[in-house]
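# Structural overview for review
This is what each chain is made of:
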Amino acid sequence: MTYTIPELDTITRQLTSLERTKKAKMLVVDDEPDNLDLLYRTFRRDFQVLKAESGVQALEVLAAEGEVAVIISDQRMPEMKGTEFLSRTVPKFPDTMRIILTGFTDVEDLVEAINSGQVYKYITKPWNPDELKAVVQRAAETYELLKQRTEELQRSQAQTALLSAIVQTMQQCHSLEDCMEPIATAFGKTFHADGCILQIVEHNALALPQGIYSAEGAITNWLAEDSLTKDAIATQKMQVSVNIPADSNLASATHYTTSGTQAHLIVPVIYRHQVLAILSLQWKQPCTLREDELVLLHLSAQQVALALTCIRTCGS
């Protein structure tokens, strides 16, 4: 049986549209400027290409930019050989695909790097552009498969942890005031939000108590000013803007610009056709949730509705 959410198609289209604007990142490393420029021109249409002229500089680029899908590195470079540089990227970026370019017969280095999983392929100089493109395409596809598997495992673990946290809160808390922040924290951490607010709704209006989670520093509750929140309460449907700076209806809203919020997802917590609370997830970058994560949010909100109802009944 497939679980359906009426508003899921609309939200998924927003997410898909956002994903289409993104290119996978690639890092090319070579101490020869001509080779570096050639690599950049070869792949710039299909990838967001980052450049570095040495292994040391490449490590600095990765520290600033984060994970990339593919690294192409020359083997013979001053200061640090390509295999040494690539080996240093493995602990932090295990899923990245690494390709070595070599014009020399450094067989021992290459064999050791390949056998240890540090190098995906090696290409001899001068390389054939079509061959290199084909290798990089396969590497990028392999990277995506690895990321999907890693994310699936993480989502499974997150789902178990989230539902466990909701049940535990329901068992341990004896008042609405006590349960709001633990639940907000569980959702915020599960979905890697910069901020999360769980707030009670009475007579279709926001009320107290509320629970607030913030990944860094304090956040302000501006939900009373927010049109997405009002729509979620009125329609009893999940509302989202995946890229607020590009959303003509929201980009100029003061509470978004002041807080730096670039994506906002509102989930109404509903029990017997009545909105009991609102769950607000906020990110300071465009939203990257997947369809199954939206389903998890929807199902978990139903568990929260049961928890709030139980706590309210037992406490009265």
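In the block above lies the structure referred to throughout.
These notes cover the structure that comes with them. In this numbering scheme, every chain counts its residues from 1 along its sequence in written order. With the structure being a predicted model, the display of local features is reserved for residues of pLDDT at least 70 and the display and counting of side-chain atom pairs for 80 or more, all residues being used for whole-chain, interface and lining totals. Note: side-chain values were computed over all heavy atoms of the structure, leaving out hydrogens and water.

To characterise two packed helices, one gives the angle between the axes of the helices and the distance between these axes. Viewed as axis vectors pointing N to C, helix H6 (residues 129-172) and helix H7 (residues 176-190) meet at an angle of 180°, and their least axial separation amounts to 10 Å. The angle between H6 and H7 falls in the class roughly antiparallel. Along its contact with H6, which presents Ala158, Leu162, Ala165, Ile166 and Thr169, the element H7 presents Cys179, Pro182, Ile183, Ala186, Phe187 and Thr190. Gly is put with the polar residues, along with every residue not named as nonpolar or charged; the nonpolar set is Ala, Val, Leu, Ile, Met, Phe, Trp, Tyr, Cys and Pro, and the charged set is Asp, Glu, Lys and Arg. Split by residue class, the contact of H6 with H7 holds nine nonpolar, two polar and no charged. A fitted line through C-alpha atoms represents every axis, and for helices the fit uses only the stretch in contact; the resulting angles, taken between N-to-C directions, go from 0 to 180 degrees. Strands here mean DSSP runs of E at least two residues long; helices mean DSSP runs of H or I at least four residues long; both are numbered from the N terminus. An angle counts as roughly parallel when it lies under 35 degrees, as roughly antiparallel when it exceeds 145, as roughly perpendicular when it falls between 65 and 115, and as oblique in every other case. Contact criterion: two residues are considered in contact whenever any of their non-hydrogen atoms come within 4.5 Å of each other.

The residue Gln57 is located in helix H3 (residues 55-65) in this model. In sequence terms Gln57 and Val29 are 28 residues apart; their C-alpha atoms lie 8.7 Å from each other. With near-sequence residues (within four places) excluded, Gln57 lies in contact with Lys51 and Ala52.

So, on to the sheet that holds strand S4 (residues 97-102). Spatially, the five strands line up as an open sheet ordered S2-S1-S3-S4-S5, and their pairing is parallel. Edge positions in the sheet fall to strand S2 (47-52) and strand S5 (121-124), since each has one partner strand and no second. Across the sheet, the mean angle separating the axes of adjacent strands is 20° when strand polarity is ignored. As paired strands, strand S1 (residues 24-29) and S2 are joined by six bridges and run parallel to one another. Residue pairing in the sheet places Lys25 in a bridge with Gln48 of S2. The sheet strands contacting H3 are S1, S2 and strand S3 (70-74), and the helix crosses S2 at an angle near 135°. With respect to the sheet, H6 is in contact with S1, S2, S3, S4 and S5, its orientation differing from that of S4 by roughly 160°. By the convention used here, strands pair only if DSSP detects at least 2 bridges between them.

Another aspect to go through is the pattern of salt bridges. Take a side-chain nitrogen of Lys or Arg and a carboxyl oxygen of Asp or Glu: if they are within 4 Å of each other, that pair is a salt bridge. Per the stated rule, a full pass over the model turns up seven salt bridges. For Asp37, the salt bridge goes to Lys51, with nearest N and O atoms at 3.4 Å. Of this pair, Asp37 sits in helix H2 (residues 33-43) while Lys51 sits in strand S2, placing them 14 residues apart in sequence. Between Glu84 and Arg88 there is a salt bridge, with the nearest N and O atoms lying 3.1 Å from each other. Taken together, the positions of Glu84 and Arg88, both in helix H4 (residues 82-89) and four residues apart, correspond to about one turn of that helix. Looking at Glu84, the relative accessible area reads 33%, which means it is partly exposed. Type-normalised accessible area, obtained with a 1.4 Å probe on protein chains alone, sets the label of each residue: buried when under 20%, exposed when over 50%, and partly exposed for intermediate values. Residue Arg88 is classed as partly exposed on the basis of its relative accessible area of 48%. Within this structure, Asp30, Asp74 and Lys125 form a network of salt bridges that share partners.

What follows covers the layout of surface pockets. Taken as a whole, the second largest pocket spans an internal volume of roughly 220 Å³. Broken down by secondary-structure element, the contributors of at least two residues to the lining of the second largest pocket are helix H9 (254-259) and strand S10 (274-283). Counting residues per element, the lining of the second largest pocket draws most heavily on H9, which supplies three residues. For the lining of the second largest pocket, the per-class residue count stands at five nonpolar, eight polar and three charged. Buried and open spaces are told apart on a 1 Å grid over the protein atoms alone, a cavity being a set of points where a 1.4 Å probe fits but cannot get out and a pocket being an open set with protein on both sides within 12 Å along at least five of seven lines. Residues with an atom within 4 Å of a point are the lining residues. Grid points are joined across faces, edges and corners, and a volume is the space filled by probe spheres set on the points.

Quick look at the sheet that holds strand S9 (residues 263-271) now. Sheet strands pair via backbone hydrogen bonds, and the direction of the pair is either parallel or antiparallel. Pairing within the open sheet is antiparallel, and its five strands lie in the order S7-S6-S10-S9-S8. The open sheet has two free edges, formed respectively by strand S7 (205-214) and strand S8 (239-241), since each of these has just one partner strand. When the angles between neighbouring strand axes are averaged without regard to direction, this sheet yields 15°. Of the strand pairs in this sheet, strand S6 (residues 195-202) and S7 are connected by seven bridges, and their pairing is antiparallel. In the strand pairing of S7, Leu198 is matched with Gly211. On top of the sheet, H7 reaches S6, S7 and S10; it is set at about 50° to S7, its chief contact.

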